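Single-letter residue listing:
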Amino acid sequence: MHYLDEGPRDAPPVLMLHGNPTWSFYYRNLVLALRESHRCIVPDHIGCGLSDKPRTDEYDYHLASRIDDIEALVDHLDLRHPLTLVVHDWGGMIGMAWAVRHPELVEKLVIMNTAAFPIPAEKRLPPALALARNSRLGAWLVLRWNAFSGMASRIAFKKPVSQEVRDAFTVPYDSPDNRIATFRFVQDIPLGENDPGFDILLNTAEHLGQFKGLPCLIAWGERDFVFDQPFLDTWLAIYPEAKVLRFPDCGHYILEDGGSALLNAIRDFIEYKDDSTHGHSGE
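Caption draft 1: Molecular detail of the packing of aromatic side chains. Under the counting rule described, the total for this entry stands at 14 aromatic pairs. Centre to centre, the rings of tyrosine 26 and phenylalanine 169 are 6.3 Å apart; their planes meet at 65°, and the pair counts as edge-to-face. Residue tyrosine 26 is located in the loop between β2 (13–17) and α1 (28–34), and its partner phenylalanine 169 is located in helix α7 (residues 163–170); the two are separated by 143 residues in the primary sequence. Its relative accessible area of 2% is what places tyrosine 26 among the buried residues. Judged by its relative accessible area of 1%, phenylalanine 169 falls in the buried class. A centroid spacing of 5.1 Å and a plane angle of 75° characterise the contact between phenylalanine 227 and phenylalanine 231, whose relative ring orientation is edge-to-face. One exposure class covers both phenylalanine 227 and phenylalanine 231, and it is buried.

See the structure below:
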């Protein structure tokens, strides 16, 4: 597992978990904003970014293994001080499941366009995800033509972005062998009780309430093609006292679209020392 470890080793830790099909590159600007005052730890999930990309007979690419990987990384780094957990996309499911195992290690939450609970009742899996998850055609498109990462690099941004940045998001997934994770993440979306990881999903959702007293920032791109208003509403029902930043013109890659305004808000939230109010409601 490749990971960034930036900032003073004795500084308060911030663990940032990416989703699919991104990698640690997604958090580069947040690391630059925080690394003078915080220890920023940003892994690439196995199969993603600069981490190894093993065959499926060497690694199962399931949620349980993803959580174990984060547990192993935290143990390896001997992180004993409670940390700020920053999550996006699949990082929310992996990160909150890890947090449920280790609530004593979490002191703040930053939640961006993600879920750690079953899909809201009024929602269905978007057609593009369903195609990739459930059909041979989808598998072929993702593995042979990098369809998932390529599609995300076009539609997950809602504001102008350079071709260099778009290319950087897709560059780790430059061959079918290197795209296994982008495919298996989609396959592994737990929708029902027969899916691997659905029991973990339910257990995590059941225990999210234990973090209600922690300072929590929810930053949400409202033009997300997957994680839209029903997902945000679910988070707000769980953490009604969270500080909420809504970005009506931002998409799924909210850290890109939100720019310096979002980066500064996250930095200020993480660096704020007086947590007696446990976060602040608002827009």
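Caption draft 2: Main features of the confidence of the model for the protein. On average, residues of the protein carry a pLDDT of 90, and 86% of them reach 70 or more. Counting interchain partners and residues more than four positions distant, the pLDDT-below-50 stretch residues 275–283 has 21 contacts.

Caption draft 3: Broad picture of the sheet that holds strand β4 (residues 83–89). Pairing within the open sheet is mixed, and its 7 strands lie in the order β1-β3-β2-β4-β5-β6-β7. Only two strands of the sheet have a single partner each, and these edge strands are β1 (3–6) and β7 (243–247). The average angle at which neighbouring strand axes cross in this sheet is 10°, direction not considered. Of the pairings in the sheet, the one linking β2 to strand β3 (residues 39–43) comprises 3 bridges and is parallel in character. Bridge pairing in β3 places leucine 15 opposite isoleucine 41. Along the sheet, helix α11 (residues 254–271) makes contact with β2, β4, β5 (106–114), β6 (216–221) and β7, crossing β5 at roughly 165°.

Caption draft 4: Layout of the environment of leucine 63. By the secondary structure assignment, leucine 63 is in helix α2 (residues 63–76). Each C-alpha atom of the pair leucine 63 and phenylalanine 198 lies 9.1 Å from the other, and the pair is 135 residues apart in sequence. In contact with leucine 63, not counting residues within four places along its chain, are Trp90, Met93, Ile94, Asp188, Gly197 and Ile200.

The rules behind each value
- Residues numbered from 1 in each chain as written.
- Predicted model: local features only at pLDDT ≥ 70, side-chain atom pairs only at ≥ 80, totals over all residues.
- Heavy atoms only, no water.
- Phe/Tyr/Trp six-rings, centres within 6.5 Å; stacked < 30°, edge-to-face > 60°.
- Helix = DSSP H or I, 4+ residues; strand = E, 2+ residues; numbered from the N terminus.
- Buried < 20%, exposed > 50% of the residue type's maximum accessible area, 1.4 Å probe, protein only.
- pLDDT = per-residue confidence, 0-100.
- Contact = heavy atoms within 4.5 Å.
- Pairing = 2+ DSSP bridges.
- Axes fitted to C-alpha atoms, helices over the stretch in contact; angles between N-to-C directions.

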